[in-house]
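Remarks on the overall topology
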Amino acid sequence: MNMTTTKVSRLVAAISMTMLFGCGGSAETKSDFTKVDPQEPVSDWQMVWSDEFDGTSIDTNKWNFELNCAGGGNNEKQCYTDSEQNAFIKDGVLNIVALPADEGAEKPYTSARLNTRYNADFTYGRFEMRAKLPSGQGSWPAFWMMPTDEEYGTWPRSGEIDILEAVNLKTVAEDGTVEANIHGTLHYGREWPNNSNSGKAYTFPEGMNPADDFHTYAIEWQEGEIRWYVDGYLYATQRRSEVRYNSKDEAVGLKHKGWFAEYFEQGSGELTTHWDTAPFDKDFYLILNNAVGGDWPENVNNLGVDAAAFAEGQSFEIDYVRVYECASNPATGKGCETVRPGYDNLEDALVEGKAPVPTPPSDGVAKNLDIFNGSLNANWIAWDCCGGTTPETITDADKGDVIKFNINDNNGTVLGFSTRGGHFPDDFTGTSSPFDASPLLEFNGRLTFDMKVVTPPTSSTTWLLKAEAGDGGPNTGDVALSDSNEGVTPVTGQWQTYTFPLSLLQERGLDLSAIDVLMVFPTWQTGEGAEYLITNVAIEGDVGESPSVDLFTDGQNLDWPMWDCCGGSTPIEAMDDEEHGLTAEFSIGEAPTVMGFNTRTSAGGSGKPFDATSILENGVLQFDVKVMSNPNDPAAVWTMKIESNEGDTAVEVPLTDAGDAPVAGEWKTYTFTFEELAGAGLDVSAIDVVMIFPAWGTGEGAVYRVDNAKMYDPSAASPAGNEITIFQDTAADQWSIWDCCGGSTPTEDTDDADHGTVAEFVIGATPTVMGFLADEGVSFDASAILANGVVQFEMKMVTPPNDPDSVWTFKIESTGAATAVELQLAQSVEGEVPVIGQWQTYTFTVQSLFDAGLDISDINVLMVFPAWGTGEGAVYRIDNVVIANP
């Protein structure tokens, strides 16, 4: 049950450790669960507390009476009392009775709620009750647990464990179905009303009902796991969440979505999400109560409260309550598990929780997102939260294909667009892809859409926008459409554009790094009758190609030719090592000079200076230098000088400001930030000369080479390693074509004119897998291209395997096979199987491989092969193997 206000005396009493046995009452359990073959509890469970209700009155050293009319926080219809009419012991059974209240009472019913707070509080164990439940529309008995000291914060941050709940037992639906469900639930997570719960119902076999007989209800609670039982049968399991980490120890997803906690860290005061044993790792106390009505029972089955069902009272009859400790390991509760096959299977007992998925680290690259622009983004849906409608695509005369939303009744709903997995229909083929819009803040980032109200709501309303992030986490709250840049409200029959700066949405509370829901709707419960159209939904910024200039990489830039200021020489292009290839070579003779690259027309350049203003914060000037011959003057200082606007401003600094001094015969890289250069006085808006040289008058005899000279923003450009070609004409550096286990040596062979040199694999009698292997300590990080990246290759089957049933397979692994994904080629985007003699393309999205469990930050093996042991006789060729954005 949900948390309610309690009035208890803080009795600092020792927990009773008496070992009480025996069964009070004469009712007999008649359950027959032979179909499920339950196991008995193991012998290591040792009873540490119990109440057999063998006395003549309720033991107030064990139980506290809660006295209030607060309605349990659920609009329940009873006042809780300590009256003997509402709670008493008879024939060894505790009776908690819900009765009609006297006329004029604060609530129409009275009942009782008992708890063990500060009398008996527990962390881990087996908690068991044998009971017969009340029935009737509006009945709501519960056996549950709440945190003793709320160490993680108020409800539900410190958790709630519902061992047993049932509502409206024995009510009969129109189709004749009799209510016979019990429920086990956890409550946890964020502060109300953004709280979470997860659980499972168990339906008693036909002809049986928990209101007809006594049954045993229990949980087994251990560190990181809680299991629910009825008459010894385990029907539900819930666990802590398990976080997926990549090779850089960054949280990138969940192996298991279970419970989670959100609380303020001591010391820092920071509100933090935790995917560990919290909040179910502290002391909890027991509660027994018999509620009448409330939000849950009154809104299901036959609705409301059936007064006739309570006219003579409805009794919750409890034979005993027992608590056991696991003697094998009391500190964790582990070692006494009563389990069965399937208890940890999502198709059987395991329950998926509501933990938010950790946001993968941002790649820092500003990208635009189209959610709907004539068609839906493959990873987003048009969504009706609660109204039961299915938004549809229709054709509008002005805008073409648009999304139509309808609100049919006044019960309340919100509508819009979602990429949250829990919102997807069963047949959806996309994946949950929260969008990181945070890099767009620097580029006038905004959320924009076009909307037309076709039919207004029947009630007066305010049209709202709401955006959410992090699987139900930080959100904007309700933002009026009139708060948009346009400042307008919808006019029926007119298309109108709405633009919201991302900065505004961030101020309203949205986490821009993981946007997963966008909603546009009339105020809750005021939208009945509304029909409206939306299109051109985008999160975007003014993201053009980041300004950059390549001064020299494998050849000079004719807009920025190589240049000798004053010595009369002509710099040349010279071949260097394999890594650098063609480089710029400068030689200094007797005449003092400076040398480098110049775009001024007076020096033969294009007259196109470089404007680094937009990349001032992160932009750099970067180049490699290799000294072939040192200057004759051993005291010569190697220098970089950069000028702007025909020399109006300039900065000259030694290379040692950006690294070690040049050493003859060695390549060294030097990086200067524009922020530092601007701080030294450079006007970065019109850079037109870059020079690298020994200080004026000291350079005679120097010969040196420059390569990879560029001005750019590393954070805006594709980071190094963003894409890789593993094989094209030959294997990539530090990669090889590979036979795992067959003893062969794959070869490079010439194919047709389109493919040239390709990798050829031949499988003999020994079972093997084949493909491409990175060198020891080498791997590829595809994290930055998770959203759109693919693993793609071309293959031609020259000779099929001898086994006609052999299945062609693709497998990809991270270092040490720590994670791996294996798929049939027919599961590729193309969905094709190999055809003899034909080149075919196979594509697997990085997102799908990540979702299947691959650590995409550490890829070091790609394999293509007939299924293990079925490949003998196969000859096949592979080319154009890439991991890249398409």
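Numbering of residues starts from 1 in each chain and follows the order in which that chain's sequence is written. Given that the model is predicted, a residue must reach a pLDDT of at least 70 before its local features are reported, and side-chain atom pairs must reach 80 or more before they are shown or counted; all residues, however, enter totals for whole chains, interfaces and linings. Hydrogen atoms and water are omitted, and side-chain values are computed over all heavy atoms in the structure.

A word on the confidence of the model for the chain. Residues at a pLDDT of 70 or more form 94% of the chain, whose mean pLDDT is 90. pLDDT gives the predictor's per-residue confidence on a scale running from 0 to 100. Here a residue-residue contact requires only that any non-hydrogen atoms of the pair lie within 4.5 Å. Counted against residues more than four places away or in other chains, residues 1-41, with its pLDDT under 50, gives 112 contacts.

Salt bridges are defined by distance alone: a side-chain nitrogen of Lys or Arg within 4 Å of a carboxyl oxygen of Asp or Glu. One pass over the structure, following the stated rule, counts 42 salt bridges. Arg239 is paired through a salt bridge with Glu225; the nearest N and O atoms lie 2.6 Å apart. A residue pair is termed long-range when its members are at least 10 positions apart, and Arg239 in strand 16 (residues 233-239) and Glu225 in strand 15 (residues 225-230) qualify at 14 residues. Burial here depends on accessible area, computed with a 1.4 Å probe over protein chains only, as a share of the maximum for the residue type. Under 20% is buried, over 50% is exposed, and the range in between is partly exposed. What makes Glu225 buried here is its relative accessible area of 6%. A salt bridge links Lys811 to Glu813, with the nearest nitrogen and oxygen atoms 3.6 Å apart. Residue Lys811 is classed as partly exposed on the basis of its relative accessible area, which comes to 22%. Glu813 gets classed as buried once you look at its relative accessible area, which sits at 15%. Within the structure, one salt-bridge network assembled from shared partners comprises Arg126, Glu128, Glu220, Glu225, Arg227, Arg239 and Asp344. Put simply, DSSP H or I for four residues or longer makes a helix, DSSP E for two residues or longer makes a strand, and each gets a number counted from the N terminus.

For Pro457, the position within the fold is in the loop between strand 28 (446-455) and strand 29 (463-469). Residue classification places Pro457 among the buried positions, given a relative accessible area of 11%. Once the C-alpha coordinates of Pro457 and Gln792 are considered, the two residues, 335 residues apart in sequence, prove to be 50 Å apart. Sequence-distant contacts of Pro457, that is, excluding residues within four places in its chain, are made with Trp463, Pro522, Thr526, Gly527, Glu528, Gly529 and Ala530.

The definition used for a disulfide is geometric: two cysteine sulfur atoms within 2.5 Å. For the structure shown, the criterion picks out 5 disulfides. Covalently, Cys326 is tied to Cys336 through a disulfide, its sulfur atoms 2.1 Å apart. Its S-S torsion of about 85 degrees marks the bond between Cys326 and Cys336 as right-handed, since a negative value means left-handed. Of the two residues, Cys326 sits in strand 22 (residues 314-326) while Cys336 sits in the loop between strand 22 and strand 23 (369-372), which places them 10 residues apart along the sequence. Here Cys326 matches Cys336 in class, with each residue buried. Cys565 shares a disulfide with Cys566; S-S distance 1.9 Å.

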